[in-house]
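Chain by chain, the residues:
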Amino acid sequence: MARTDLPYRKGVGIMLFNHDGLVFVAKRIDMTSEAWQMPQGGIDADEDARTAAMRELKEEIGTNDAMVLAESSDWLRYDLPDELVPIIWKGQYRGQEQKWFAMRLNGDESIINIEGEHAEFSEWKWVPIDTLPSLIVPFKRPLYETLVAEFG
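If you're wondering where the values come from, they're calculated on a predicted model, not measured in any experiment.

(A) Up close: helix α3 (residues 141–151). Buried within α3 are the following residues: Leu143, Tyr144, Leu147, Val148 and Phe151. Along α3, the residues classed as buried sweep out an arc of 140° about the axis, all on the same side. The elements touched by buried residues of α3 are β1 (8–17), β3 (36–37), β5 (66–71), β6 (76–79), β7 (95–105) and α2 (132–135).

(B) How the structure looks around the pairing of β1. Along β1, eight of the 10 residues are buried, which leaves the element largely enclosed by surrounding structure. Summarising the sheet, β1 and β7 pair through 10 bridges and their orientation is parallel. Each residue of the ladder has a partner; that of Gly11, found in β7, is Gln98. Pairing between β1 and strand β4 (residues 40–42): three bridges, direction antiparallel. Across the sheet, Gly13 pairs through a bridge with Gln40, a residue of β4.

(C) How the structure looks around the confidence of the model for the protein. Residues at a pLDDT of 70 or more form 98% of the protein, whose mean pLDDT is 93. Put simply, β3 is where the protein has its lowest mean pLDDT, 94, and β5 is where it has its highest, 98.

(D) Representation of the pattern of salt bridges within the structure. Taken as a whole and assessed by the stated rule, the structure comprises 11 salt bridges. A salt bridge links Arg55 to Glu59; its shortest N-O distance comes to 3.1 Å. Residue Arg55 and its partner Glu59 are located together in helix α1 (residues 49–61), separated by four residues, close to a single helical turn. You can call Glu59 partly exposed: its relative accessible area is 45%.

(E) Quick look at α1. Given a rise of 1.5 Å per residue, 13 residues ought to cover 18 Å, and the 18 Å separating the end C-alpha atoms of α1 matches this to within 8%. Inspection of α1 places Ala49, Ala52, Ala53, Met54, Arg55, Glu56, Leu57, Glu60 and Ile61 among the buried residues, and these make up the whole buried set. Contacts from the buried residues of α1 go to β1, β2 (23–28), β4, β5, β7 and β8 (121–127). A side-chain oxygen of the first residue of α1 lies 3.3 Å from the backbone nitrogen of Arg50; this N-cap is Asp48. The first or second residue beyond α1 is Gly62, which carries a positive phi of 85°.

The rules behind these values
Think of each chain on its own: its residues are numbered from 1, step by step along the sequence as written. For a predicted model such as this one, the threshold for reporting local features is a pLDDT of at least 70, and the threshold for listing and counting side-chain atom pairs is 80 or more; totals across whole chains, interfaces and linings nevertheless cover every residue. The side-chain quantities take in all heavy atoms of the structure and omit both hydrogens and water. Only protein chains enter the accessibility calculation, which uses a 1.4 Å probe; a residue whose area is less than 20% of its type maximum is buried, one above 50% is exposed, and one in between is partly exposed. Secondary structure elements follow DSSP: runs of H or I of four or more residues count as helices, runs of E of two or more count as strands, with numbering from the N terminus. Arc definition: it is the arc formed by the directions from the helix axis to the C-beta atoms. Throughout, a residue-residue contact means that at least one pair of heavy atoms, one from each residue, lies within 4.5 Å. Pairs of strands are assigned from DSSP output, requiring at least two bridges between the strands. pLDDT: the predictor's confidence for each residue, scored from 0 to 100. Salt bridges are defined as contacts in which a side-chain nitrogen from Lys or Arg sits within 4 Å of a carboxyl oxygen from Asp or Glu. Here, expected helix span is obtained from the residue count minus one, scaled by 1.5 Å. N or O atoms within 3.5 Å of each other form a polar contact, as long as, within protein, one can give a hydrogen and the other can take it, and as long as residues adjacent in sequence are counted only when both atoms are side-chain atoms.

Put into structure tokens, the structure is as follows:
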């Protein structure tokens, strides 16, 4: 099957702000490069996008104590590079179609814990929103540029 015949995986992403207006990014445990990303993940069959976003936030950073500020106006897509399609998600998807949420952490950053039962990140930090596209893997940059324009 050609990559273009494959569907997109439905997912969510979270642009989490702190009280200083900086954005949470984390480095994946399974990446050797200096690529960072915001929390994101798939939508389960019984979930709506907002519920999935709160679940993913809890799973990935140890808390979902955050207030939703905005929701992306559209579903945003990215395509995986051809060489990753057979590896990621067992070759079932060509990329992701995601609904994104801008959220603000309610508490102090001490409530963040990336060392959960199914840890995905090795480290995290707060960054200015305009630096996000330069931190991500190249194939996701256009999506991050759209997010910066919409949520910035």
